[in-house]
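Single-letter residue listing:
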Amino acid sequence: KGEEQRAAASLACLLCIQLGSGIESEEVFKTLKPIFKTILADGSANIQARQAVATSLGLCTLVAEDDILDVQATMECFENLFTRSYARTDGTCPSINPQTSQLHVNALLSWALLLTICSASQLKDILKKHLPRLQQLLESDDVNMRIAAGETIALLFELMRDIDSEFEFDEWDELCNKLNALATDCNKHRAKTDKRKQRSVFRDVLKAVEEGDFQSETIRFGTERMTIDSWVRKRTYDAFREFVGSGMNYHLQANEFIRDVFELGPPILVDSATMKAMKISRFERHLHNSAAFKARTKARSKFRDKRVDVGEF
């Protein structure tokens with residue numbers, strides 16, 4: 001049934017992540033791949049199961065697929081889905097229900113994940129075929145589709161500039177205008193939370209397209225830290241985090257495959273005594289926070305006091 005298929009798809013992906021890149025995960029994936037593809041292509045299958053499979057198939061392919069031609073074939077499966085959200089030849093957007101739209105979003109994000117392991121010649125062909133049409137998805141009614149399309153466009157620009165620093169896109173001005181409109185969207189018909197989320201993402205996407213810039217983020221785990229400093233890293237990190245959730249920090253510390261993906265080297269062995277010494281007690285943390293709070297209150301009170309000279313302020 002649909003719910004069991006959805007759970008099994010997530011479990012299969014977790015299993016591949018745990019096994020890492022090697023013979024075991026390849027064998028698991030060889031068994032599951034045809035089943036995944038059948039469910040994904042079956043329009044009568046449970047929609048939640050298809051959504052889960054669209055996400056799992058992408059990450060399992062990244063982890064366990066050993067043939068680049070098979071990676072291309074899987075990408076085509078995803079294209080068959082998300083391209084249905086492209087505008088029609090007359091310029092109108094197709095009417096798609098929210099569940100199907102989410103399926104297309106998941107397929108697009110998995111396709112974007114596999115872009116990160118494509119060759120330069122493949123990327124050039126993909127860009128020529130899809131970049132002009134990906135812009136159409138920026139006009140989708142679904143905020144998640146708009147965001148997924150924006151992040152995929154930023155990723156494509158980053159990958160192409162890595163290949164060719166002089167890379168230019170013919171419709172660059174039109175694209176930048178669309179991205180700028182989404183980064184400053186004030187449409188009253190859209191929910192406030194959607195607008196806030198959208199504006200935040202598209203400010204970063206616009207910077208990526210205009211300046212080749214990325215807003216880096218530092219992830220701390222155990223005694224280490226990792227910087228998410230590119231769209232490639234962001235897409236890869238987000239894909240793994242979607243499955244392992246709150247366990248992501250543990251995997252970054254202990255999972256050899258994930259550490260290899262993010263170039264963190266072999267796991268650092270820290271004994272329990274060292275870890276205990278590094279952790280401060282709850283009471284010590286409370287005292288530190290109290291002292292900081294008092295100091296902050298004192299400083300603010302001083303400046304709020306009417307007797308303080310305006311010049312000094």
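Residues numbered from 1 in each chain as written. Predicted model: local features only at pLDDT ≥ 70, side-chain atom pairs only at ≥ 80, totals over all residues. Heavy atoms only, no water.

You'll find the protein entered in an unreviewed UniProt entry as Interferon- developmental regulator 1, with Goodea atripinnis given as the organism. Database annotation for the protein, UniProt heading Sequence similarities (unreviewed entry): "Belongs to the IFRD family." (UniProt positions renumbered as here; feature names shortened; annotations may be inferred.)

Student: Help me understand the nonpolar core, please; the structure alone is not making it clear to me.
Tutor: Judged by nonpolar contacts, the single largest core of 86 residues is most densely connected at Leu115, Phe240 and Leu252. Top contributing element to this core by residue count: helix α7 (residues 143-163), with 12 residues. In contact with Leu252, not counting residues within four places along its chain, are Ile219, Phe221, Met226, Tyr237, Ile258, Arg259, Phe262 and Leu264. (Core = buried A, V, L, I, M, F, W, Y, C linked by side-chain atoms within 4.5 Å. Buried < 20%, exposed > 50% of the residue type's maximum accessible area, 1.4 Å probe, protein only. Helix = DSSP H or I, 4+ residues; strand = E, 2+ residues; numbered from the N terminus. Contact = heavy atoms within 4.5 Å.)

Student: Help me understand the layout of surface pockets in this model?
Tutor: The gaps left among the atoms become clear once a water-sized probe is rolled over them. Space inside the largest pocket adds up to approximately 410 Å³. Taken together, 24 residues make up the lining of the largest pocket; nearest its centre are Leu109, Glu151, Arg235, Asp238 and Glu242. Every element with two or more residues in the lining of the largest pocket is listed here: α3 (47-64), α5 (98-115), α7 and α10 (231-244). Looking at the lining of the largest pocket element by element, the count peaks at eight residues for α10. Residues of the lining of the largest pocket, tallied by class, amount to 10 nonpolar, six polar and eight charged. (1 Å grid on protein atoms, 1.4 Å probe; cavity = no way out; pocket = protein on both sides within 12 Å on 5 of 7 lines; lining within 4 Å. Points joined across faces, edges and corners; volume = space filled by probe spheres on them. Nonpolar A, V, L, I, M, F, W, Y, C, P; charged D, E, K, R; others polar.)

Student: Explain the pairing of strand β1 (residues 217-221) here, please?
Tutor: For a regular strand, side-chain orientation follows a simple rule: the groups alternate between the two sheet faces. In this structure, β1 lies alongside strand β2 (residues 224-228), joined through five bridges in antiparallel fashion. Considered in β2, the bridge of Ile219 is made with Met226. Connecting β1 to the antiparallel partner β2 that follows it, the hairpin turn spans two residues, and Gly222 within it adopts a positive phi of roughly 55°. (Pairing = 2+ DSSP bridges.)

Student: Just to check I follow, could you spell out the packing of aromatic side chains for this structure?
Tutor: Tallied over the full model, the rule gives eight aromatic pairs. Centre to centre, the rings of Phe157 and Phe169 are 6.0 Å apart; their planes meet at 90°, and the pair counts as edge-to-face. Taken together, the residues Phe157 in helix α7 and Phe169 in the loop between α7 and α8 (172-183) connect sequence positions 12 residues apart. Each member of the pair, Phe157 as well as Phe169, is classed as buried. In this structure an aromatic cluster arises from ring pairing among Tyr237, Phe240, Phe257 and Phe262. (Phe/Tyr/Trp six-rings, centres within 6.5 Å; stacked < 30°, edge-to-face > 60°.)

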